[in-house]
Amino acid sequence: MTSRDDELIAFIEGLSPRARLMGVDLGTKTIGLSLSDVEKRIATPLETIKRVKFTPDVQHIKDLVERYEVGGLVFGLPLNMDGTEGPRSQATRAFVRNLKPLLPLPVLFWDERMSTMVVTRTLLDADASRATRADAVDKMAAAYILQGALDRYERIAADAEAAHDEAEYRAGLGLDPPPESGDMDD
């Protein structure tokens, strides 16, 4: 398991049981927002904020956080295609640093590479008009980012449950537990 997975587990398991997550796709002109259900399984596009200035943008997010009882934020981190961080990633991290004192919620950064492209392609395939695409793409990208984190968490939980079940089964048969990967004898 990677440290990114450990970070995701700690983030989600540190939340109140029925707290929602908000996905955030921070752009230079807009902020796309999405919301999870209370079981943290499904992300739904919420809205797109036209950016004005930092303080009113944050106030709008705070109002939505309170209204929907959000317990944590998942920010899309715009990495370069090679996985490195560039100016957009730095701007996102700076936004979150400035946000923290005003909205002290846990934040998880999630790789957002290709999210806008995938959502735009989906809207084009659905024959959405240019106006519809412009209105929907940012909040749908936020949902895509949040759903990626939720799906990864579900996969980790399912893998852990399967390993636990296998260990119980093997113990019931009196078998030794399976070797950890990398522990195989040569």
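Anything mentioned here points back to the structure above.
Cut-offs used in this document
- Residues numbered from 1 in each chain as written.
- Predicted model: local features only at pLDDT ≥ 70, side-chain atom pairs only at ≥ 80, totals over all residues.
- Heavy atoms only, no water.
- Helix = DSSP H or I, 4+ residues; strand = E, 2+ residues; numbered from the N terminus.
- Buried < 20%, exposed > 50% of the residue type's maximum accessible area, 1.4 Å probe, protein only.
- Contact = heavy atoms within 4.5 Å.
- Areas by Shrake-Rupley, 256 points an atom, 1.4 Å probe, with all protein chains shown as cover.
- Core = buried A, V, L, I, M, F, W, Y, C linked by side-chain atoms within 4.5 Å.
- Expected span 1.5 Å × (residues − 1).
- Salt bridge = Lys/Arg side-chain N within 4 Å of Asp/Glu carboxyl O.

Novice: How should I be thinking about the overall build of the protein in this particular structure?
Specialist: Helix and strand counts for the protein stand at five helices and five strands. Its helices and strands in sequence order give the protein the pattern α-β-β-β-α-β-α-β-α-α, from N to C terminus. Looking at the 186 residues of the protein, the share that counts as buried comes to 37%. Long-range contacts, defined here as pairs at least 24 residues apart, represent 62% of the contacts in the protein between residues at least 6 apart. Total accessible area on the protein is roughly 11,100 Å²; 52% of this is exposed by carbon and sulfur atoms.

Novice: For this particular structure, what's the right way to read the nonpolar core?
Specialist: Soluble globular proteins tend to bury their nonpolar side chains together. Counting residues in each nonpolar core, the largest one holds 20 residues, and the members touching the most others are Met22, Ile61 and Leu73. Where this core is concerned, the elements lending two or more residues are strand 1 (20-26), strand 2 (30-36), helix 2 (54-68), strand 4 (70-77) and helix 3 (87-99). Residue contributions to this core peak at four residues, all from helix 2. Those residues within four positions of leucine 73 in sequence are excluded, and the remaining contacts are Phe11, Met22, Val65, Leu99, Leu103, Leu105, Pro106, Val107 and Leu108. Ranked by size, the runner-up nonpolar core spans 17 residues in total, among them Leu8, Ile9, Leu146 and Ile156.

Novice: It is not clear to me how helix 3 should be interpreted in this structure. Could you clarify?
Specialist: Here helix 3 contains 13 residues, and its C-alpha end-to-end distance of 18 Å stays within 8% of the 18 Å for a straight helix at 1.5 Å per residue. Contact partners of the buried residues in helix 3: strand 1, strand 2, helix 2, strand 4 and strand 5 (107-111).

Novice: Would you mind showing me how to read the pattern of salt bridges here?
Specialist: The tally for this structure, following the rule as stated, stands at five salt bridges. A salt bridge links aspartate 5 to arginine 152, with the nearest nitrogen and oxygen atoms 2.5 Å apart. Pair noted here: aspartate 5 is in helix 1 (residues 3-13) and arginine 152 is in helix 5 (residues 130-172), with a separation of 147 residues, a long-range link. Taking the relative accessible area as the measure of exposure, aspartate 5 reaches 4% and is therefore buried. The residue arginine 41 makes a salt bridge to glutamate 39 at a minimum N-O spacing of 3.7 Å. Using a relative accessible area of 45% as the deciding quantity, one classes arginine 41 as partly exposed.

Purely spatial values, then, with no claim about function.
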